[in-house]
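Commentary on secondary and tertiary structure
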Amino acid sequence: QVQLVESGGGLVQPGGSLRLSCAVSGLSFSYYAMGWYRQAPGKQRELVAAISSGNSTTYADSVKGRFTISRDNAKNMVYLEMNSLKPEDTADYYCKATHGFAYWGQGTQVTASS
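Since the model is a prediction, treat every value here as computed from it, not as a measurement.

Some points on the overall build of the chain
A count of helices and strands for the chain gives zero helices and 11 strands. Ordered by position from N to C terminus, the α and β elements of the chain give β-β-β-β-β-β-β-β-β-β-β. For a compact globule of 114 residues, the expected C-alpha radius of gyration is about 13 Å, and the chain comes in at 13 Å, within 12% of that figure. For the chain, the residues scored as buried account for 40% of the 114 residues in total. At a minimum sequence separation of 6, the contacts of the chain that also span at least 24 residues come to 54%. With an accessible surface of roughly 6000 Å², the chain has 45% of that area assigned to carbon and sulfur atoms.

A few points about the sheet that holds strand β3 (residues 18-25)
Taken in spatial order, the four strands of this open sheet run β1-β3-β8-β7, and their pairing is antiparallel. Every interior strand has two partners, whereas the edge strands, β1 (3-7) and β7 (67-72), have only one. Adjacent strand axes in the sheet meet at a mean angle of 15°, parallel and antiparallel pairs treated alike. Here β1 pairs with β3 via five bridges, running antiparallel. Note that in β3 the partner of Gln 3 across the bridge is Ser 25.

Considering the state of the cysteines
According to the stated counting rule, one finds one disulfide in the structure shown. Each sulfur in the disulfide pair Cys 22 and Cys 95 lies 2.1 Å from the other. Judged by the torsion about the S-S bond (-90°), the Cys 22/Cys 95 disulfide is left-handed. Placement of Cys 22 in strand β3 and of Cys 95 in strand β9 (residues 91-98) is noted, with a sequence separation of 73 residues between them.

Observations concerning the pairing of β7
Here β7 shows one buried face, formed by Phe 67, Ile 69 and Arg 71, and one open face, formed by Thr 68, Ser 70 and Asp 72. Pairing of β7 with strand β8 (residues 77-82) involves six bridges; the strand directions are antiparallel. Bridging across to β8, Ile 69 finds its partner in Leu 80. Between β7 and β8, which follow one another and run antiparallel, lie four residues, and Asn 76 among them has a positive phi close to 55°.

Observations regarding the environment of Tyr 59
Here Tyr 59 is to be found in strand β6 (residues 57-59). Put simply, Tyr 59 and Trp 36 are 23 residues apart on the chain and 9.6 Å apart in space, counted from C-alpha to C-alpha. Sequence-distant contacts of Tyr 59, defined by excluding residues within four places in its chain, comprise Val 48, Ala 49, Lys 64, Phe 67, Thr 68 and Ile 69.

How each quantity is defined
- Residues numbered from 1 in each chain as written.
- Predicted model: local features only at pLDDT ≥ 70, side-chain atom pairs only at ≥ 80, totals over all residues.
- Heavy atoms only, no water.
- Helix = DSSP H or I, 4+ residues; strand = E, 2+ residues; numbered from the N terminus.
- Rg over C-alpha atoms; globule rule 2.2 N^0.38 Å.
- Buried < 20%, exposed > 50% of the residue type's maximum accessible area, 1.4 Å probe, protein only.
- Contact = heavy atoms within 4.5 Å.
- Areas by Shrake-Rupley, 256 points an atom, 1.4 Å probe, with all protein chains shown as cover.
- Pairing = 2+ DSSP bridges.
- Axes fitted to C-alpha atoms, helices over the stretch in contact; angles between N-to-C directions.
- Disulfide = S-S within 2.5 Å.

In structure tokens, the structure reads:
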């Protein structure tokens, strides 16, 4: 059974940092492209960052220079380092694995607020 489990979300002040983790099981992790998406209340789900099986990365313009995606194939883990958080980063963050079709995690909430 495929499982993607996010962790590391929480409440942080603007300018602070968080590290999100996604633990993957039940698939051949190294073959999958991995991504982080987010969805704020009343808005569409959007791509935040993605990393390919070959470690190529891409970022949304809104997070470029502040967020870093990485993966550890030996541990079946993908991470999102989030720095200089802004109130507009507040959203539910979802982990996604893609290889033909997508598997999704349950999400973890990130709130950047004073």
